[in-house]
Amino acid sequence: MDFQKLLLQAEKGLKEEDVQALAFLCRELLSYHSASVNSAKELFTELQLQGYLSAEKPHLLTELLLLIQQRSLIRDLNFQPSLTTNLISPFRKMLYNLSVDIDAQDLRSMKFLLYRSLPRMNLDKMSTLEVFLEMEKMDKLSANNLTELENLIKTVCPVLQETIKKYKESQVNYRCPVPEVAGPPRDQRWPVEQNQSSMNSNNTSIDHAGEEHGEGNYEDLPCRLRALTTQGSSCCQSKSGSEVQPTSDTTSVKTDPQASLNTSDEGDIETYSMDAEKRGFCLIINNYDFKLTKFLRQREGTNIDESCLEKVFQWLGFEVLIEHDCSADRMLSLIQGLSTMDHSKMDCLVCCVLSHGLEKAVYGVDGSTVTLEELKQPLNASRCRSLAGKPKLFFIQACQGTKEQTPVCVQNDGPIKGSLMHDARKMKQSIPSDADFLLALASVPLYVSFRDKERGTWFIQSLCQNLIKMVPRKCDLMSILTKVNADVSQKTDHTGTKKQMPQPAFSLRKKVIFPVPQRDPPKLPNV
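Reading the values: rules and limits
Residues numbered from 1 in each chain as written. Predicted model: local features only at pLDDT ≥ 70, side-chain atom pairs only at ≥ 80, totals over all residues. Heavy atoms only, no water. Buried < 20%, exposed > 50% of the residue type's maximum accessible area, 1.4 Å probe, protein only. Helix = DSSP H or I, 4+ residues; strand = E, 2+ residues; numbered from the N terminus. Pairing = 2+ DSSP bridges. Salt bridge = Lys/Arg side-chain N within 4 Å of Asp/Glu carboxyl O. Phe/Tyr/Trp six-rings, centres within 6.5 Å; stacked < 30°, edge-to-face > 60°. Expected span 1.5 Å × (residues − 1). pLDDT = per-residue confidence, 0-100. Contact = heavy atoms within 4.5 Å.

Student: Describe the pairing of strand β4 (residues 349–354), listing the residues and the values that go with them.
Tutor: Counting buried residues in β4 gives 6 out of 6 residues, a clear majority hidden from the surface. In β4, alternate side chains face the same way, and those of Leu 349, Cys 351 and Val 353 on one face and Val 350, Cys 352 and Leu 354 on the other are all buried. Pairing of strand β2 (residues 281–286) with β4, which is carried by 5 bridges, proceeds in the parallel orientation. Its bridge partner being in β4, Ile 284 is matched across the sheet by Cys 352. The pairing of β4 with strand β8 (residues 392–397) spans 6 bridges and is parallel. Bridge pairing in β8 links Cys 351 to Phe 394.

See the structure below:
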């Protein structure tokens, strides 16, 4: 068959994502930026002009089709799989293999970690390969500069570290033979590399768990969780690489003098500084879909809480980042990601977790748990220096047990008959007391919290309403939470038999007083 007809047949067999992958793999071979390739025809034409592809030398196309797993197309074209070139760089192959194994959630986490270092205009729409190309463009990634990539993979998906390791081992004795310009010598070849493998019907409910048996394939989760807690950036890991134990409040950390506690002789309580360039990040983890587990229900109404939190914290000046339906290791990786970011130009940090829970822990949508201590540890003063001396505020909407306080009935976060839902299961753990933390819990230990399917949770809705009312009065956060306690304690369901009591736990050394926003407060639903 005429070679051009073969190329046309290959073009018809390739999808848009296949063309993007081929252009990425051929980046060193093209005379112009691979991102400008819009079709397989354009790619094949350029490769022919550069002398890499012809009727006599079709082997590059065979190599490319093998790399993107298009073996059926190779068969249809009557190409010999054993006859390939070594023109594609091991660096490109390694990045492509990573992209194949990085799922949608991993990609969102990568973008979150790169939020401040890459242009944000089109970041949300980028594919994994496009993110890699943007990192190269910003000089954050190259064949000899893998530091940022390794940190990303270590945080987002530790099991893929082996792919990078194999690439580095295969390149110890080699250097890149093909320059990133047009027309390299035709006899240039890449060295042979090692193989890579690549609720109920009522309006309220309780978010709590029964027996701990999940569904799906999660055999690798324990390994990944260990990797996330013991591996990370230098500010999240001990020198030996072993798991770092919680530090005591007496840990010596060098901080900004303005961030330190300067109590006057009269014993006045100081206020945390809120005059930085930015207020800070507000991460909202909203877990709704628990279908992978047999013992946890969907958290109807949680979208209302998410919307209210987003509006209120944006109004307060925070940059809000939202993650949906996170597994346990995803939650840990997001917190690790926050710990690696530079908060030096920010006042504080807020993290809101909306999920099912048990005593001093919250559930991921995979049925695995993360303790409150694990959420807090990566952000303490010894692990995240840019947050030392600054308030780190956690708002946890989840049950703390399975008991119900009387006399009130609402939808708690867990499995209970009626209009309420509760989030709970007993677990022996302790809330850390590292300096400058606030853990605002929806319920006291051992008890459920309640969620209305149409109005959201009692705790989050009261928190949002009182922030809007009391921040303009320059009230400090603990006073606001005391009012939240009072309001939630007065709530009950239609039967008058279910009650809820929130509980803040904190190691704050100063008052947290948010500056009064210049804009009008957002409108929230009446609870």
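Student: Requested: an account of the pattern of salt bridges, with residues and values cited.
Tutor: The final tally for this structure, using the stated rule, is 12 salt bridges. Where Lys 93 meets Glu 63, a salt bridge forms, and the shortest distance between an N and an O atom there is 3.4 Å. Linking Lys 93 in helix α6 (residues 90–101) with Glu 63 in helix α4 (residues 59–67), this pair joins segments that are 30 residues apart in sequence. One salt bridge connects Lys 291 with Asp 289, and the closest N-O pair in it is separated by 3.7 Å. In the salt-bridge network here, residues are joined through shared partners; they are Arg 27, Glu 28, Arg 92 and Glu 136.

Student: Please provide a residue-by-residue account of the packing of aromatic side chains, values included.
Tutor: How two aromatic rings sit relative to each other is set out by the distance from centre to centre and by the angle between their planes. Evaluated as defined, the whole model comprises 8 aromatic pairs. Judged by centre distance (6.4 Å) and plane angle (70°), the ring pair of Tyr 115 and Phe 281 falls under edge-to-face. Phe 281 shares its class with Tyr 115; the two are buried. An angle of 65° between the planes, with centres 5.7 Å apart, marks the rings of Phe 295 and Tyr 363 as edge-to-face. Pair noted here: Phe 295 is in the loop between β2 and α12 (302–315) and Tyr 363 is in strand β6 (residues 361–363), with a separation of 68 residues, a long-range link. Neither Phe 295 nor Tyr 363 differs from the other in exposure class; each is buried.

Student: Residue-level account of α12, with values.
Tutor: For α12, built from 14 residues, the straight-helix expectation of 20 Å at 1.5 Å per residue is met to within 8% by its first-to-last C-alpha distance of 20 Å. Taken together, the buried positions of α12 are Thr 302, Ile 304, Asp 305, Glu 306, Cys 308, Leu 309, Val 312, Phe 313 and Trp 315. Positioned one or two residues after α12, Gly 317 has a phi angle of 100°, which is positive.

Student: Quick one: what's the story with the confidence of the model for the protein, residue by residue and with numbers?
Tutor: Mean pLDDT over the protein works out to 77, with 73% of the residues at or above the 70 mark. The secondary structure element of the protein with the lowest average pLDDT is helix α11 (residues 221–230), at 34, and the one with the highest is β4, at 97. Contacts from residues 208–266, a stretch scored under 50 in pLDDT, to residues over four places away or in other chains number 119 contacts. Within the model, the stretch residues 407–411 combines pLDDT values under 50 with 47 contacts to residues more than four positions away or in other chains.

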